[in-house]
Amino acid sequence: MNKKQERIPLAIHPGDDQPEASGQSIMIPPQKQMTGMLGHPVAENPIDLMFDAVYAHYDLPWQFWKSDIASEADLAHAVRALVPLGYRGVGITVPYKVAVIPMLDAIDDDVKAIGAANYVTVEQGRLIGHNNDGKGVVKAIEKVAPLRGQRVVMLGAGGAGRAMAAELAWAGAEQLTLITRRQEQGEEVAAMVTRVSGVPATWQPWQGKVVLPEGTTLLMNATHLGCAPELEPVPLDWNSLAPGTVVVDVITNPRITPFLATAHERGCPIVDGVEMLVQLAIQIFEQWTGITPDEAVFQRAVAEALGE
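Report on the accompanying structure. Bear in mind that the values here come from a model prediction, so they are computed numbers and not experimental data.

**Things to note about the packing of helix H1 (residues 47–57) against helix H9 (residues 295–305)**
Across the interface, H1 lies against H9 with an axial gap of 8 Å and an inter-helix angle of 135°. The orientation of H1 with respect to H9, classified from their angle, is oblique. Considering the relative orientation of H1 and H9, their crossing is right-handed. Residues Leu-49, Met-50, Ala-53, Val-54 and His-57 of H1 form the contact with H9, whose participating residues are Val-297, Phe-298, Arg-300, Ala-301, Val-302 and Ala-305.

**Quick look at the packing of aromatic side chains**
Applying the stated criterion across every chain, the model contains eleven aromatic pairs. Both rings, one in Phe-51 and one in Phe-298, keep their centres 6.0 Å apart while their planes meet at 85°; by these two values the pair is edge-to-face. A residue pair is termed long-range when its members are at least 10 positions apart, and Phe-51 in helix H1 and Phe-298 in helix H9 qualify at 247 residues. By the burial criterion, Phe-51 is buried, and Phe-298 matches it. Relative to Trp-288, the ring of Phe-64 lies with its centre 6.3 Å away and its plane at 35°, an arrangement referred to as tilted. Residue Phe-64 is found in strand S4 (residues 62–68), and its partner Trp-288 is found in helix H8 (residues 273–289); the two are separated by 224 residues along the sequence. The burial state of Phe-64 is the same as that of Trp-288; both residues are buried. Taken together, the ring pairs in this structure connect Phe-51, Tyr-55, Tyr-58, Trp-62, Phe-64, Tyr-119, Phe-285, Trp-288 and Phe-298 into an aromatic cluster. One Lys or Arg, Arg-181, reaches over the ring of Trp-206 and ends 4.3 Å from the middle of that ring.

**Looking at the environment of Pro-213**
In this fold, Pro-213 is placed in the loop between strand S11 (201–205) and strand S12 (218–221). As a C-alpha pair, Pro-213 and Ala-263 span 50 residues in sequence and 17 Å in three-dimensional space. Leaving out residues up to four positions away in the same chain, Pro-213 has contacts with Val-153, Thr-177 and Gln-204.

**As for the pattern of salt bridges**
A complete count under the given rule lists ten salt bridges for this structure. Note that Lys-66 and Asp-48 form a salt bridge whose closest N and O atoms lie 3.4 Å from each other. Pair noted here: Lys-66 is in strand S4 and Asp-48 is in helix H1, with a separation of 18 residues, a long-range link. Accessibility assignment for this pair places Lys-66 and Asp-48 in one class, buried. In this structure, the salt-bridge partner of Glu-167 is Lys-135, at a minimum N-O distance of 2.8 Å. One end of the pair, Glu-167, is in helix H5 (residues 159–170); the other, Lys-135, is in helix H4 (residues 133–141), and 32 residues separate them in sequence. For Lys-135, a relative accessible area of 27% gives the class partly exposed. Here the residues in one salt-bridge network are Asp-110, Lys-135 and Glu-167, joined through shared partners.

**Focus on the sheet that holds S12**
Read from one edge of the open sheet, six strands run S11-S10-S9-S12-S13-S14, paired in parallel fashion. Edge positions in the sheet fall to S11 and strand S14 (270–271), since each has one partner strand and no second. Judged from the two bridges that link them, strand S13 (residues 246–249) and S14 form a sheet pairing that is parallel. Its bridge partner lying in S14, Val-248 is registered against Val-271.

**A few points about the nonpolar core**
With 35 residues, the main nonpolar core has Ile-141, Met-154, Leu-168, Leu-176, Leu-218, Met-220 and Val-248 as its most contacted residues. Counting residues per element, the ones that place at least two in this core are H4, strand S9 (151–155), H5, strand S10 (175–180), helix H6 (183–197), S12 and S13. Ranked by the residues each element gives to this core, the list is headed by H5, at seven residues. Ignoring sequence-local partners within four residues, the contact set of Leu-168 consists of Val-137, Val-138, Ile-141, Leu-147, Val-152, Met-154, Ala-173 and Met-220. One finds Val-54, Ile-284, Phe-285 and Ile-291 within the second-largest nonpolar core, a separate group that totals 26 residues.

Reading the values: rules and limits
Residues numbered from 1 in each chain as written. Predicted model: local features only at pLDDT ≥ 70, side-chain atom pairs only at ≥ 80, totals over all residues. Heavy atoms only, no water. Axes fitted to C-alpha atoms, helices over the stretch in contact; angles between N-to-C directions. Helix = DSSP H or I, 4+ residues; strand = E, 2+ residues; numbered from the N terminus. Parallel < 35°, antiparallel > 145°, perpendicular 65-115°, else oblique. Left-handed = near helix turned anticlockwise from the far one by under 90°. Contact = heavy atoms within 4.5 Å. Phe/Tyr/Trp six-rings, centres within 6.5 Å; stacked < 30°, edge-to-face > 60°. Buried < 20%, exposed > 50% of the residue type's maximum accessible area, 1.4 Å probe, protein only. Lys NZ or Arg CZ within 6 Å of the ring centre and 35° of its normal. Salt bridge = Lys/Arg side-chain N within 4 Å of Asp/Glu carboxyl O. Pairing = 2+ DSSP bridges. Core = buried A, V, L, I, M, F, W, Y, C linked by side-chain atoms within 4.5 Å.

In structure tokens form, the structure reads like this:
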């Protein structure tokens, strides 16, 4: 799989403006293996540039294509088309990580426990759902601070938030508080976390500026607030954030969101969404290609994609 591209010779027929073709040929690369991402919106996500750079590094004739899918009805059409179009796999991003599940042929144990899928592999014509959102987050956070014993507050509990909450609990978090505007969603995810991990998780309503519970040691923004180009601020009472609290943001563009910049100014260690993207992308790449990549290759690729 990690071999140079094979080239297929194609003869040139001589013409008035062409050199004599005897013994000559041009080289046509093989059909590219398609991979991609389905979601809405996807324009600001650098994942396609990152994957294409890594594919090129490993001399793979593969390509990553982002598709902005406007509705669940369109998602169903897109998912059905993956097999006949010859895709090897796709990432699934907001808002379809839950909606995609009934469209798949099978799901792994993580998806069964969490109730959301963030990527799909195509295996012998069957669509298999996986979830490593939380695994990428855990690896990124543990580069900065251990998760064991952390008292976590998560803002938002959508498809990515579900996976992250469960994985943080599995990684040793002591307690989780989910703050959402939708009570049903927040309570359901909190119950799921406690059920699958045994870690106590509770819901807190998001009303006006968020006031963090006393004793919070890790704060995560799992919403789209702060994403380019709007850069909407996260409505947080910053006086409730204790110095030294680990602050995490899932946003990938910009790398340092206003949320993270403010936390850094207040003396908090920060973890950005790009680092999470790199960690989960490495796992997806290996699942799709069978190649164990060098993390430095991914780090260089995403830095170039973001113009850093």
